[in-house]
Every structure is written in structure tokens, then in C-alpha cells.
Amino acid sequence: MKKSLGPKLLGLPAPAWVVGTYGPDEKPNAMTVAWASIFCSAPPCVGLSIGQRHYTHENILARRAFTVNVGSDRYVKEIDYFGLVSGRDADKFSVTGLTPVRSEKVDAPYVAEFPLVLECVVYEEHDAGWTTYFVGEIRDVKADEDVLGENGLPELGKVRPLIYGSGVRQYHCLGDHLAPAYSIGRELETEDN
Ligand SMILES: Cc1cc2nc3c(=O)[nH]c(=O)nc-3n(C[C@H](O)[C@H](O)[C@H](O)COP(=O)(O)O)c2cc1C
């Protein structure tokens, strides 16, 4: 029997992505987000829920641009740190030793060491409670060559992104490749039920 847990934010799993922005004096900043996902395909957009008191919120409003950085599981400590401390109080790139690089297409920095980066400009924004949901149009995706598969696209098993469990507040890493998507479900149509 299922137990009712009430209206909690428990859509599992969530990503643990890192949003790159510039502050007023060109200071690069990075902030962790879990309330985030791909938003629409045409134009290609990603959506991020950002608390209005965060330095990142102020930076996105000022520059109308950000990057989404997908880090590998070996950067779990750095990704957590980016979500613990505000860029108003620390230079998070200096503390972590990670490298900010100016994006080619948008006015925001990305994390050089992370294998996958989405460069975005603000497409639209929606205030909800104490957060703003920023929809960013993806202007370019950059990926390290060693995470690309045979079809030239990034593979989960090579990127090794973090998986975040809201509620219990735990990071997990990727397990085994289970099955191909958009095809394994078809087997149900041919199995005898
Ligand atoms: C795993 C994790 C996920 C987080 N997800 C979000 C999120 O989706 N939205 C948000 O506003 N803050 C989120 N936070 C909190 C911010 O990352 C944190 O307050 C950060 O210090 C803000 O940085 P800034 O002030 O430099 O922008 C998350 C923190 C962690 C550790």
C-alpha cells in the first residue's frame, strides 16, 4: 500500500547542473540547480528555476544569458560547493580550482573541466513565489570529444552526470545502461500477455 507524503517536491530524479553567469564586474559565477530540465524543442530551450535572492538571478537579469554545465560524477564536491555558497561571498571558481571560459555565443562563462555545456540566452521568464523560471534558448552545445559516441552525440555513460534525489538530498552516479530508448517498450506489443 502506498503512503501519502503530501505536496512535496519529489519528482525523481533531478539533475545537478551548474549555471554559469557573469556578475557586474565580469566576475564569473557558478550555481547548482536541480529544478531544471529541457523545456521545448523549437526553439531549443532549457528551463531553470532560480531563487530571486540568488546572485545568479541578478546576473541573469542583467546579462540575459547563462550557461548550463553538466559535470561528471568526479566533480561531485565542486558541484555541491557551487550550491552551498553564494558568489556574493566567494569566488567559487578560485575555491574549486575550476576554470571559467567565456562562451563564444552568449555573454556567460562555462566550466572548462565539465564535458557538456549549453550556451543560452533568456527567451522568457516567469515569476512564481520566490523563484523565477528562466527559459533559455540554447544557442550552442559544446561537448568534449571523448564523451561523444559513434553518432557524434554525447553518451550518458561517457559524460557520467550526477543524479540528484530531492527530499533525501543525495547524489547518485549512473548505473548500467539498461536498454535503448524509443524502442524497448515496443517489445510489449509483441509479447503474449
Ligand atoms: C543539489 C542542489 C540543488 C540546488 N538547486 C537549486 C535550484 O534548482 N534553484 C535554486 O534557486 N537554488 C538551488 N540550489 C541552491 C543554490 O545553488 C545556492 O543557494 C547557491 O549558493 C546560489 O548561488 P549564487 O548566490 O552564487 O547564485 C541548489 C543547491 C544544491 C546543493
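Residues numbered from 1 in each chain as written. Predicted model: local features only at pLDDT ≥ 70, side-chain atom pairs only at ≥ 80, totals over all residues.

Concerning the overall build of the protein chain
On a plain count of helices and strands, the protein chain comes out with 5 helices and 12 strands. Looking at the protein chain as a whole, 30% of its 193 residues are labelled buried. Excluding contacts between residues fewer than 6 apart, the proportion of contacts in the protein chain whose partners are at least 24 apart in sequence is 61%. (Helix = DSSP H or I, 4+ residues; strand = E, 2+ residues; numbered from the N terminus. Buried ≥ 20, exposed ≤ 12 C-beta atoms within 10 Å, placed from the backbone. Contact = placed C-beta atoms within 7 Å.)

What about helix α1 (residues 55-63)?
Taken together, the buried positions of α1 are Thr56, Asn59 and Ile60. Take α1 and look down its axis: the buried residues cluster within an arc of 100 degrees, on one side only. Of the surrounding secondary structure, the elements contacted by the buried residues of α1 are β2 (17-22), β3 (28-33), β5 (45-51), β6 (65-70), β9 (116-128) and β10 (131-143). Phi turns positive, to about 60 degrees, at Arg64, one or two residues after α1. (Arc of directions from axis to C-beta.)

Quick look at the pairing of strand β4 (residues 36-40)
Where β4 and β5 come together, 4 bridges link them in antiparallel fashion. Directly across from Ser37, in β5, lies its bridge partner Gly47. (Pairing = 2+ DSSP bridges.)

Details of the sheet that holds strand β12 (residues 170-172)
Across the sheet, which stays open at both edges, the 3 strands sit in the order β1-β11-β12 with antiparallel pairing between neighbours. The open sheet has two edge strands with one neighbour each: β1 (14-15) and β12. By the bridge criterion, 2 bridges tie β1 to strand β11 (residues 163-165) in an arrangement that is antiparallel. Among the inter-strand pairings, Ala14 is bridged to a residue of β11, identified as Tyr164.

Details of unusual backbone geometry
Cis geometry marks the peptide bond from Leu12 to Pro13; its omega dihedral reads -10 degrees. On the secondary structure map, Pro13 appears in the segment before β1. Cis rather than trans, the peptide bond between Ala42 and Pro43 has omega equal to 0 degrees. For Pro43, the position within the fold is in the loop between β4 and β5. The residue Arg169 is not glycine, and still its phi comes out positive at about 55 degrees. Looking at where Arg169 falls in the secondary structure, it is placed in the loop between β11 and β12. Arg169 gets classed as exposed once you count the C-beta atoms within 10 Å, which come to 9.

Some thoughts on the site of the ligand
In the region of the ligand, 23 residues are neighbours, and Gly51, Thr56, Gly83, Ser86 and Gly87 sit closest. At the level of secondary structure, the elements contributing two or more residues to the shell around the ligand comprise β3, β5 and α1. At 4 residues, the largest contribution of residues to the shell around the ligand is made by β3. Of the residues assigned to the shell around the ligand, the class counts are 11 nonpolar, 10 polar and 2 charged. (Near = placed C-beta within 6 Å. Nonpolar A, V, L, I, M, F, W, Y, C, P; charged D, E, K, R; others polar.)

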